[in-house]
Amino acid sequence: MKSTLIMAFLAVAVAGFTLATKDHDSPEDKIKLAKSARLEPQAILVADSSSGKPIDLQALADHIQAAAPSAVLSDPPSKPANGTAPDAIAQTSQQQAQPQSMQPSAQQTNPAQAADNQPKVDESALRYFASRGDKARLQAEISRLQTLYPNWTPPADPLAIPRNSDKQLEAMWQLYSEGRYAEVRKAIADRQTTESGWQPPADLLERLDIAEARTRLVNASDLKQYQTVIDIGARTPSLLTCSDIDVLWRVAEAFIRTDRAARGQDAYKYILKTCTNPQERLATIQKAAALLPYQPMQDLLSLEKPDGNGGREFDSIRTDLARRFVAQGNDDPKLTVSQDYLSQVERVARSQGLASDDALLGWYDLRRGNYPDAEQWFKAAHEKEDSATISQGLALVLIADRKPQEAEDAMYKWRNESKDAMATYLAATANLMALQPPASLSEDVLGRIAAEVVKQKYVPTAQQFGWFARSMNQPQAAARWFETALRWKPDDEPSAYGLAITRNQLNDRVGVAEVQRLWADRSQRIAVLGEPAPRTPTSEPLPSPNQTLQPAPQTLPQTTMQQGEPQNLQPMASQVAPQPPVTQPYVNAEPPVQRVAPVRRAPSPNYAEPETRARVATRSTRHAAGCNTTVNARLLTPASALSRGWCLMNLNRPMEAVEAFDVALSNTDPKSREEAAYGQSLAYLRAGLANNAAVAATKAPMNHQRAAELQVAILADRALSAFEGKRYHETLLYLDQRAQLQQERVDLMVLRGYCYLNLKMYDDAERIFTAVAATGSRDGSRGLRDLQLTLHPPRGEY
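Reading the values: rules and limits
- Residues numbered from 1 in each chain as written.
- Predicted model: local features only at pLDDT ≥ 70, side-chain atom pairs only at ≥ 80, totals over all residues.
- Heavy atoms only, no water.
- Helix = DSSP H or I, 4+ residues; strand = E, 2+ residues; numbered from the N terminus.
- Contact = heavy atoms within 4.5 Å.
- Areas by Shrake-Rupley, 256 points an atom, 1.4 Å probe, with all protein chains shown as cover.
- Phe/Tyr/Trp six-rings, centres within 6.5 Å; stacked < 30°, edge-to-face > 60°.
- Buried < 20%, exposed > 50% of the residue type's maximum accessible area, 1.4 Å probe, protein only.
- Polar contact = N/O pair within 3.5 Å; in protein donor to acceptor, adjacent residues only side chain to side chain.
- Expected span 1.5 Å × (residues − 1).
- Arc of directions from axis to C-beta.
- Core = buried A, V, L, I, M, F, W, Y, C linked by side-chain atoms within 4.5 Å.
- Salt bridge = Lys/Arg side-chain N within 4 Å of Asp/Glu carboxyl O.

**Let's talk about the overall build of the protein**
And then number 1: A tally of helices and strands in the protein yields 37 helices and 2 strands.
And then number 2: Sequence separation of at least 24 residues holds for 65% of the intrachain contacts in the protein that already meet a minimum separation of 6.
And then number 3: Entry remark: accessible area of the protein is about 40,700 Å², with carbon and sulfur atoms responsible for 51%.

What follows is the structure, encoded as structure tokens:
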């Protein structure tokens, strides 16, 4: 009797909490997965609508049990490994949660009456799935019926269950098993029309609702509608079991994609604590590693189990995980990766001899300022493979080690490979021109550096050219370089100071006065230029008779300047490479006289200084129009910020444009908000941040054309990322989704071909590479050659 009362009380409590949370505002709270000993691991923590805190059903059961220690709670029926649907548990609780007056006591009910009152179990689905040999669905149906009817015992032979004499119902079950849910609905409606009063089995309707919910969830996940995924999961918790691991993966990803990584981590933990299929557990770790950062992954890996052969169940992907974690350390210099992972990558780098592993370790050391080890790894990688990324890493190490001339030489041929490659090359040029004493550079090197600086309108190196020209005793050329740097970036104070002292050296008093007029309130040293002050000599002493003489002055190369704007240093180069030092050799009002012994040198052609269209002294205002000056976007109105954002995009300054568009998003005008969201998405894409672009695209409604354009770009970027992560099936999925929106480009066709090649789908790979080669692309011919080498490796190779 007491046990019966305890069970009834527990059922009422569970049903009450379940009903209280049906209209909760945060559907993700309904999907929080937790382990409950009495209600099985698949039970879900529900939330109390009054306090908003999760309620642990296990703690509730323990509390009730402690209040009546003499009561014995009956254990739930044994549950198969694939789990119990959480909604089935809720249904059982609601069935038990009836007033005591309506429940017959043990003394009032005899065994015969109990048998008569036992609800009839519909076992037609069991026999159907057994007859089809569908073991997975058969086991799931047994689990569901055990939860709904605790006293029910599954038949030893489901095939012995009498065949359903209702042929029409049998046909409906067949349509259901084939996934033709719309046809099942139609068959039910047609029969209800022809047979008045006929009702389909509740089991069929329930399973049909769940199956259709799963279809909607999968479609929403494929379309990246992650909030819809969470909402459907909240309304259909019976989907969240080990019997349908793909749904759990999709819900976990939806949480992470909507900035609720802790919830996504809980979902992965639930799988690793509950589900037992080895392949699914391994795939769970792989999927989690692609979405979660380093530390949460360590929490998941702590749930690893022995494999039964003396190893661990995730040993087969340990090296890939180590590479991924080291790569995350490259992205975040504050992240300290375990030495075990670093050692593992070092071992495979030495044993397998892959340049990518050497480069991975080189980037890790570089980001932490460990330049000697970084240089060692990058040089080892460079010997194996001279690529843009490896040369870029090596160049950054050489810059940090004050070897910019070697860095410039290493990066010159790769400078146009990417924005980061160009940023690294320009950083090398700025550091090279800033060396003291000045480097001895050939005319060819000076010429190519000057040409690239003018083409990219790169202010730091242009400024350093001015100081370099002064050190070579060429003040006219120095003045032109300083003027050029100021035209590209009017608020560059070091260039303005260099121009002032150079004009002062040339006795251009009017020009000096104009610079002072423009800069007096922004630069103290420009304002006091020419005023008497105690001076400390900064010139080098005259060489002694036995001292090696300084080389003769070098002549600057001829360049053609065009009106333009400055271009910011790219983030990676600015963060990793040291900033170009501002070399100011002359800090007094007038420069010291350089005394250099005459040295004979071979005649060289005369080069003109860089030309400018307007002198700084002729400018009538201190602030240039447009967006060529540095302005805090937060101080602008939304309309002004929107205009500035597009202006910055035209100047290829995407990260500054992102800030401007962010301010413009506060505009109340829907059209302006759409323009701002669209612009911010494009800015993120230009900066190579596809995930940020996807988020920005959701900040305001967009028309179909713009949404499709952004979707195409984002899918292409994600396909490339998946391919780099060796997730070839995922790459093909992204490419297929993109191909539905836009015809596939040749480079993406090549990517598809190599996916087929890596997946050993050789016929498909040959078809793609042949089509690409027919367009005249060398990549297609290279792909066919790689395919032949794979199918017919040379003798002696394994």
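**Considerations on the packing of aromatic side chains**
For any pair of aromatic rings, the description rests on two quantities: the centre-to-centre distance and the angle between the ring planes.
And then number 1: Scanning the entire structure with this criterion turns up 13 aromatic pairs.
And then number 2: For the pair Trp 173 and Tyr 176, a centre-to-centre distance of 5.9 Å together with 90° between the ring planes defines the contact as edge-to-face. In this pair, Trp 173 and Tyr 176 are both assigned in helix α7 (residues 167-177), 3 residues apart and thus about one turn of the helix distant. Considered together, Trp 173 and Tyr 176 belong to a single accessibility category, that of buried residues.
And then number 3: By way of ring pairs, the aromatic residues Trp 173, Tyr 176 and Tyr 181 are connected into one cluster.

**Regarding the side chain of Arg 318**
And then number 1: Relative to the elements of secondary structure, Arg 318 occurs in helix α15 (residues 318-331).
And then number 2: Classification of Arg 318 as buried rests on a relative accessible area of 18%.
And then number 3: A polar side-chain atom of Arg 318 sits 2.7 Å from a polar atom in the side chain of Glu 304.

**Re helix α18 (residues 371-384)**
And then number 1: Taking 1.5 Å as the rise per residue, α18 with 14 residues should run 20 Å; its terminal C-alpha atoms sit 20 Å apart, in good agreement.
And then number 2: All of the buried residues along α18 are Ala 374, Glu 375, Trp 377, Phe 378 and Ala 381.
And then number 3: The inward-facing, buried residues of α18 abut α16 (339-352), α17 (355-367) and α19 (388-400).

**Quick notes on helix α32 (residues 690-697)**
Residues that lie three or four places apart on an α-helix share one face, since the helix turns once every 3.6 residues.
And then number 1: Among all positions of α32, only Ala 690, Ala 693, Ala 694 and Ala 696 are buried. Across the axial projection of α32, the buried residues extend over an arc of 165°, all falling on one side.
And then number 2: Where α32 is buried, its residues touch α31 (670-686) and α33 (704-724).

**Describing the nonpolar core**
And then number 1: Residues Tyr 268, Ile 271, Ile 285, Met 297, Leu 300, Phe 325 and Val 337 are the most contacted members of the largest nonpolar core, which totals 50 residues.
And then number 2: Of all the elements, helix α11 (residues 245-257) adds the most residues to this core, at 9 residues.
And then number 3: What Val 337 contacts, discounting residues up to four positions off in sequence, is Tyr 294, Phe 325, Val 326, Gly 329, Leu 342 and Tyr 364.
And then number 4: Among the nonpolar cores identified, the runner-up in size contains 45 residues, and Trp 363, Met 422, Leu 426 and Leu 435 belong to it.

**Considering the pattern of salt bridges**
And then number 1: A complete count under the given rule lists 39 salt bridges for this structure.
And then number 2: Between Arg 312 and Glu 304 there is a salt bridge whose closest N-O contact spans 3.9 Å.
And then number 3: Close ionic contact of Glu 408 with Arg 448 constitutes a salt bridge, the shortest N to O distance being 2.8 Å. With Glu 408 in helix α20 (residues 404-411) and Arg 448 in helix α22 (residues 443-456), the pair connects residues that are 40 residues apart, well separated along the chain.
And then number 4: Through salt bridges that share partners, Arg 214, Asp 222, Asp 244, Asp 246 and Arg 250 make up one connected network.

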